[in-house]
Amino acid sequence: MSDSLSEFELIKRYFDKIGPAGSAEILQGIGDDCALVGISAGESLCLSIDTMVEGVHFPVGCAPDMIAYRAMAAALSDLAAMGARPSHFTLSLTLPEATAPWLAAFSRGLSEMADQYQISLVGGDTTKGALNIALQVHGLLPTGTAMTRSGAKSGDWLAVSGTLGDAGAALSLIELSAPNFNQTVLLDRYYRPNARIDQGLELRGLASSCIDISDGLLADARHLATKSSVSLSINSEDLPLSAALKAECGDKAVSLALSAGDDYELLFTISDQNWQRLIQQYPDNMYTIIGRVESGEGVSVFSGDKQFQITQQGFQHFE
Ligand code: ADP
Ligand code: MG
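This report concerns the structure included in the present document. What you are looking at is a predicted structure, and each value in this text was computed from that prediction instead of being measured.

1. Observations concerning the overall build of the protein chain
Right, so step 1: When you go through the protein chain residue by residue, the secondary structure sums to ten helices and 13 strands.
Right, so step 2: Reported as C-alpha extents along the three principal axes, the dimensions of the protein chain are approximately 55 × 55 × 50 Å.
Right, so step 3: Across the 319 residues of the protein chain, 48% fall into the buried class.
Right, so step 4: In the protein chain, the proportion of contacts linking residues at least 24 apart, taken out of those at least 6 apart, comes to 82%.
Right, so step 5: Of the roughly 15400 Å² that the protein chain leaves accessible, carbon and sulfur atoms contribute 52%.
Right, so step 6: Across the protein chain, the mean location of the 20 positive side-chain charges is 3 Å away from that of the 38 negative side-chain charges.

2. Structural notes on helix H3 (residues 100–117)
Right, so step 1: End to end, H3 covers 25 Å across 18 residues, agreeing with the expected 26 Å (1.5 Å per residue, within 8%).
Right, so step 2: Among all positions in H3, only Trp102, Ala105, Phe106, Gly109, Leu110, Met113, Ala114 and Tyr117 are buried.
Right, so step 3: Against the buried residues of H3 lie helix H2 (64–82), strand S4 (85–95), strand S6 (132–142) and helix H6 (197–203).

3. Brief notes about the packing of aromatic side chains
Right, so step 1: Counted by the stated rule, this structure contains three aromatic pairs.
Right, so step 2: Both rings, one in tryptophan 102 and one in phenylalanine 106, keep their centres 5.0 Å apart while their planes meet at 15 degrees; by these two values the pair is stacked. With tryptophan 102 and phenylalanine 106 both in helix H3 and four residues apart, the pair spans about one turn of that helix. Of the two residues examined, tryptophan 102 and phenylalanine 106, each falls in the buried class.

4. Section: the coordination of the magnesium ion (ligand 2)
Right, so step 1: Distances from the magnesium ion (ligand 2) to its protein donors, Asp33 (OD), Asp78 (OD) and Asp212 (OD), fall at 2.0 to 2.1 Å.
Right, so step 2: As a motif over one chain, the donors of the magnesium ion (ligand 2) read D-x44-D-x133-D. Residue aspartate 33 is located in the loop between strand S1 (26–28) and strand S2 (35–38), and its partner aspartate 212 is located in strand S8 (residues 207–213); the two are separated by 179 residues in the primary sequence. Per residue, the accessibility class of aspartate 33 equals that of aspartate 212, and both read buried.

5. Focus on H2
Right, so step 1: Taking 1.5 Å of rise per residue, 19 residues should cover 27 Å, and H2 covers 28 Å from first to last C-alpha, within 8% of that figure.
Right, so step 2: In terms of burial, H2 is largely enclosed, as 18 of its 19 residues are buried.
Right, so step 3: Phi turns positive, to about 85 degrees, at glycine 83, one or two residues after H2.

6. Topic: the site of ligand 1
Right, so step 1: As a structural note, the neighbourhood of ligand 1 is formed by 13 residues, with Gly31, Asp32, Asp33, Asp78 and Arg149 the closest of them.
Right, so step 2: A distance of 2.8 Å is found between an oxygen atom of ligand 1 and a backbone nitrogen or oxygen belonging to aspartate 32.
Right, so step 3: In isolation ligand 1 has 550 Å² of accessible area, and contact with the protein removes 66% of it.
Right, so step 4: Of the residues forming the shell around ligand 1, the biggest block, three residues, is contributed by helix H1 (residues 7–14).
Right, so step 5: When its residues are assigned to classes, the shell around ligand 1 shows four nonpolar, two polar and seven charged.

7. Topic: the sheet that holds S8
Right, so step 1: Taken in spatial order, the seven strands make up an open sheet running S8-S10-S7-S11-S9-S12-S13, and their pairing is mixed. Each edge of the sheet is formed by a strand with only one pairing partner; in this case those strands are S8 and strand S13 (306–307).
Right, so step 2: Here S8 pairs with strand S10 (residues 265–270) via six bridges, running antiparallel. Its bridge partner being in S10, isoleucine 213 is matched across the sheet by glutamate 265.
Right, so step 3: Packing of helix H7 (residues 217–228) onto the sheet brings it into contact with strand S7 (157–161), S8, strand S9 (231–235), S10, strand S11 (287–294) and strand S12 (298–303), and relative to S8 it is tilted by some 145 degrees.

8. Looking at the nonpolar core
Right, so step 1: Counting 66 residues, the largest nonpolar core has Met72, Leu76, Phe106, Ile133 and Phe268 as its most contacted members.
Right, so step 2: At 13 residues, the largest contribution of residues to this core is made by H2.
Right, so step 3: Leaving out residues up to four positions away in the same chain, phenylalanine 268 has contacts with Trp157, Leu158, Ala159, Val160, Ser161, Leu203, Ala207, Ser209, Cys210, Trp275, Leu278 and Tyr287.
Right, so step 4: Counting residues in hydrophobic clusters, the runner-up holds 22 residues, among them Ile213, Leu217, Ala221 and Ile290.

9. Observations concerning the pattern of salt bridges
Right, so step 1: Inspection of every chain in the model, using the stated rule, returns nine salt bridges.
Right, so step 2: In this structure, arginine 189 engages aspartate 263 in a salt bridge whose closest nitrogen and oxygen atoms are separated by 3.6 Å. Residue arginine 189 is found in helix H5 (residues 181–191), and its partner aspartate 263 is found in the loop between helix H9 (253–259) and S10; the two are separated by 74 residues along the sequence.
Right, so step 3: Glutamate 265 is the partner of arginine 189 in a salt bridge, and the nearest nitrogen-oxygen pair spans 3.1 Å. Note that arginine 189 is positioned in helix H5 and glutamate 265 in strand S10, a separation of 76 residues in sequence.
Right, so step 4: Three or more residues are tied together by salt bridges with common partners; here these are Asp166, Arg189, Arg196, Asp263 and Glu265.

Rules used in this analysis
Residues numbered from 1 in each chain as written. Chains lettered and ligands numbered in written order. Predicted model: local features only at pLDDT ≥ 70, side-chain atom pairs only at ≥ 80, totals over all residues. Heavy atoms only, no water. Helix = DSSP H or I, 4+ residues; strand = E, 2+ residues; numbered from the N terminus. Buried < 20%, exposed > 50% of the residue type's maximum accessible area, 1.4 Å probe, protein only. Contact = heavy atoms within 4.5 Å. Areas by Shrake-Rupley, 256 points an atom, 1.4 Å probe, with all protein chains shown as cover. Lys, Arg positive; Asp, Glu negative; His and termini not counted. Charge placed at Lys NZ, Arg CZ, Asp CG, Glu CD. Expected span 1.5 Å × (residues − 1). Phe/Tyr/Trp six-rings, centres within 6.5 Å; stacked < 30°, edge-to-face > 60°. Donors = N, O, S within 2.8 Å, 3.2 Å for Na, K, Ca; no water. Near = heavy atom within 4 Å. Polar contact = N/O pair within 3.5 Å; in protein donor to acceptor, adjacent residues only side chain to side chain. Nonpolar A, V, L, I, M, F, W, Y, C, P; charged D, E, K, R; others polar. Pairing = 2+ DSSP bridges. Axes fitted to C-alpha atoms, helices over the stretch in contact; angles between N-to-C directions. Core = buried A, V, L, I, M, F, W, Y, C linked by side-chain atoms within 4.5 Å. Salt bridge = Lys/Arg side-chain N within 4 Å of Asp/Glu carboxyl O.

Here it is as structure tokens:
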């Protein structure tokens, strides 16, 4: 038996209670997609850091602009989950060697994403070592309006943005030298995920809870269920699957949508009344209802009346 701790156990055991408790300006500490700090009477700072390690979060030899896209999208996705507007970020870059072509391409990718999402680089740190990129993103929102993982209510709908499983399907295609059209679509979803910032802003004030799907639908749904003290019931027939995923993966599409990570879509709960408002306000929306919030605990998956056996819970580090 391994005495190695899971990612979430180790955070809880060693990092959960560091520093003075009860500081008035800290509105949300460890445990959600971002921390929230009150910075003025009406405004809160929303912050989150994400690290990408070569060989773990992107393949060895990955094009530097693609690394920048993925790192930025992953970091921004946590701001999206809270409904924050991106403001500024810092970059900690560890490089085995400083080569101009690598740095130029990385900087170009970072710059494209920063322009697209209107977020400025304001500082960072540069060191020599194994390739590793950490981005700390900061966003702003009116105090008290952030979406958290803990507001889901029994009776709410469970819904997602976009389509699920695409980035997971791309993992087995990375080595391909001449991908076809569908494979290219899936690879693009892996290398250049969208951070759902606009959707986070649309959902803020309407959704009762929200989390971004970074580790897979089931794994992140479980976090949301635990934090909200509810049970989530997912109908696998309602999962939004892209045409590319269905064409490329056939029968495996549903299991990828349930368990694969890296799509960076938003998973949220919403009352029926607010759902009607949402779809009226945004008729061309990208949201799909995939289930329901119920009293109880945990996550269950149904296909019609049949309940699925869940074997793969999603991706966790240190397990
Ligand atoms: P996400 O996938 O949304 O980025 P994580 O699953 O990485 O969130 O982390 C869950 C929570 O634990 C977050 O609130 C995060 O800030 C916190 N966390 C993760 N690692 C550490 C750490 N080493 N020290 C303190 N807090 C941490
Ligand atoms: Mg997150």
